[in-house]
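The primary structure of each chain is shown beneath.
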Amino acid sequence: MSALPELRDLYQELILDHGRHPRNLRKMAAPNREALGNNPLCGDRVTVYLHLGDHDKRIEDVSFEGQGCAICMASSSMMTEILKGRTAAEAQAVFDYFHTLCAGEEPSAAAPPVAGDDFERLQALAGVRDFPIRVKCATLPWHTMQAALCPGGLGLSRVSTEGKS
Amino acid sequence: MTAARPLFRAPPDALDAEALRRDFPALNQKIHGFPLAYLDNAASAQKPRAVLEAMTRFYENDYANIHRGVHELSQRATNAYENARKTAQRFINANAADEIVFTRGATESLNLVASSFSRAFLREGDEVVITELEHHANIVPWQVLAKERGVILKPAPITPGGSVDAAQVEALLTKRTKLVSVAHVSNALGTVLPVADIIAAAKKRDIPVLLDGCQAVGHMPVDVRALGCDFYVFSGHKLYGPTGIGVLYGRKEWLAEMPPWQTGGDMIESVSFKGTTFREPPARFEAGTPPIAGAVGLAAAIDYVSAIGMERIADYERRLADAARAELSKINRITFYGPRDNHSPIISFNLEGAHAHDVGSILDRCGVAARTGHHCAEPLMERLGVPGTTRVSFAFYNTPADIEALCRGLEKTREIFP
């Protein structure tokens, strides 16, 4: 059997590590935002918890709970690492950038909103672009995070990335 | 290439899968550079050229709307449609063609019974008995009834081995039980249910039984009169026929007492603003223009598998599935769900440490089409304590080469998820 390079691209060590040992996989004691993401057809399910600062809406803490495939768990885990300490507006910009990568589109000429390790994490996750049916697995936690960021989204949001491009 | 040890020994009269494969144009292609190993037959089966050609021929030569026209084409189309009904009748050995209702698929057949049978025979507090391993299509219609009409839905538990014990179904039967509705073969696990025992238990109490035969009809001989069931449902597309056509078999005594569930053209006797009278079954249940070409395609599919012989198909697929189970057992930390001695061509499993969807994607890149997830049986998955499984399901056109491709794909999965 050939090396199947695109499989290696998707299931690279960084993804597998986060999939096996997800970071920030815990229920948050006192989140002030949370949302549930659920892809019922494939069974991926994540709850994203956020604690936003009172004044600057900075993400002081972010965690998640749930179950899903390696891609969904790795994406959730890496997302929590990338977003911690960012403002809501910055989180949105990172999400937009990630979405562009997953869709296989050229990112805008502007500098990416992430650098260093965070940049590498997003690049690794963006390997799903070669597996169109799996893009929803990678984007589920991000859409869920976005719903949680919406004012008033405490526990009410129900998010799905099935049936979306 | 060295001569591989044969995975199983076929008797001399076994069907020739290599030859039959050539009747299926879709099987002859590469997926991601590998020959397609199509192991998702329980979701839908591929179509032989005989089906495609029958439908094309019908559309090119004989097509018109049925029943209403006096013209030649309408007559030909009506004949083709009604002959398809007779073909379906013979295939499952129903007593009369009138006991065959064409629907859009098994889901619609189940919804028809849930809607119509319940209006005729179910009152608040009456019970419908199902099992924990049913497809959602044999759960949700009853759940809706339960909510809207106060009917009580009672699921019989599965055994730890993923089977159903007829005694546990029987234990649920009471004076208020008005229908037992169970799978003939589980779509998620491949379990062949002890339907003879379940039907016998229900008959003792004069309770009618519906069998969901979606996973049975294409893979074993089915004789509804020998089974003694009151209703039997299946889809055309899992039987190598087209999508959009299905069958509801119902014993005449029941169908005659059941009201229409959809209304419109073709199902009425006479319409006036004072009132409308309805035709006898099966027309009563076929409002509007039915899937005429679908019925023609289904009949061609039935003729095709009948010519091979359902016994031979069942025998070959069992050998193939047994060989596959033996090969898969060699993979590290594999868990099978469902009975080992299934006698159905469905195998459901998980590799510890690898989520079913990751397994599915890796298999796909190796040219293997398998299904992963909850298989529209969430209550069953919850009962098994897993979010989903990987399911491979064989057809008579699968060969040992497909098993080898599957095993290579799973070895690849183990490389990535050691």
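Summary of the structure given here. None of the values given here were measured: they were computed from a predicted structure.

### Observations concerning the interface of chain B and chain A
- Counting residues at the interface gives 14 residues for chain B, matched by 15 residues for chain A.
- Listed by contribution, the elements that provide at least two residues to the side of chain B that touches chain A are helix 12 (356–365) and helix 14 (400–416) of chain B.
- It is helix 12 of chain B that contributes the most residues to the side of chain B that touches chain A, five residues altogether.
- Broken down by class, the residue content of the side of chain B that touches chain A amounts to four nonpolar, six polar and four charged.

### Some thoughts on the packing of helix 4 (residues 106–121) of chain B against helix 5 (residues 140–149) of chain B
All names here are of chain B.
- Direction vectors running N to C along helix 4 and helix 5 enclose 25 degrees, while the axes themselves pass 9 Å from each other. Classified by the angle between their axes, helix 4 and helix 5 sit roughly parallel to one another. Read as a crossing pair, helix 4 and helix 5 show a hand that is right-handed. Across the interface between the two elements, Leu110, Asn111, Ala114 and Ser118 of helix 4 pack against Pro141, Trp142, Leu145 and Arg149 of helix 5.
- Considering only residue class, the contact of helix 4 with helix 5 consists of five nonpolar, two polar and one charged.

### Focus: helix 11 (residues 310–328) of chain B
Residue and element names in this part refer to chain B.
- With 19 residues, helix 11 should cover 27 Å at 1.5 Å per step; its first-to-last C-alpha distance of 26 Å lies within 8% of that length.
- Taken together, the buried positions of helix 11 are Ile313, Tyr316, Glu317, Leu320, Ala321 and Ala324. Buried residues of helix 11, viewed axially, fall in a sector of 130 degrees; they line one side. Exposed side chains of helix 11 directed beyond 90 degrees from the buried face belong to Glu311 and Ala326.
- Among the structural elements, helix 1 (17–21), helix 10 (292–308), strand 14 (346–351), strand 17 (389–393) and helix 14 are those in contact with the buried residues of helix 11.

Each value, and the rule that gives it
Residues numbered from 1 in each chain as written. Chains lettered and ligands numbered in written order. Predicted model: local features only at pLDDT ≥ 70, side-chain atom pairs only at ≥ 80, totals over all residues. Contact = placed C-beta atoms within 7 Å. Helix = DSSP H or I, 4+ residues; strand = E, 2+ residues; numbered from the N terminus. Nonpolar A, V, L, I, M, F, W, Y, C, P; charged D, E, K, R; others polar. Axes fitted to C-alpha atoms, helices over the stretch in contact; angles between N-to-C directions. Parallel < 35°, antiparallel > 145°, perpendicular 65-115°, else oblique. Left-handed = near helix turned anticlockwise from the far one by under 90°. Expected span 1.5 Å × (residues − 1). Buried ≥ 20, exposed ≤ 12 C-beta atoms within 10 Å, placed from the backbone. Arc of directions from axis to C-beta.

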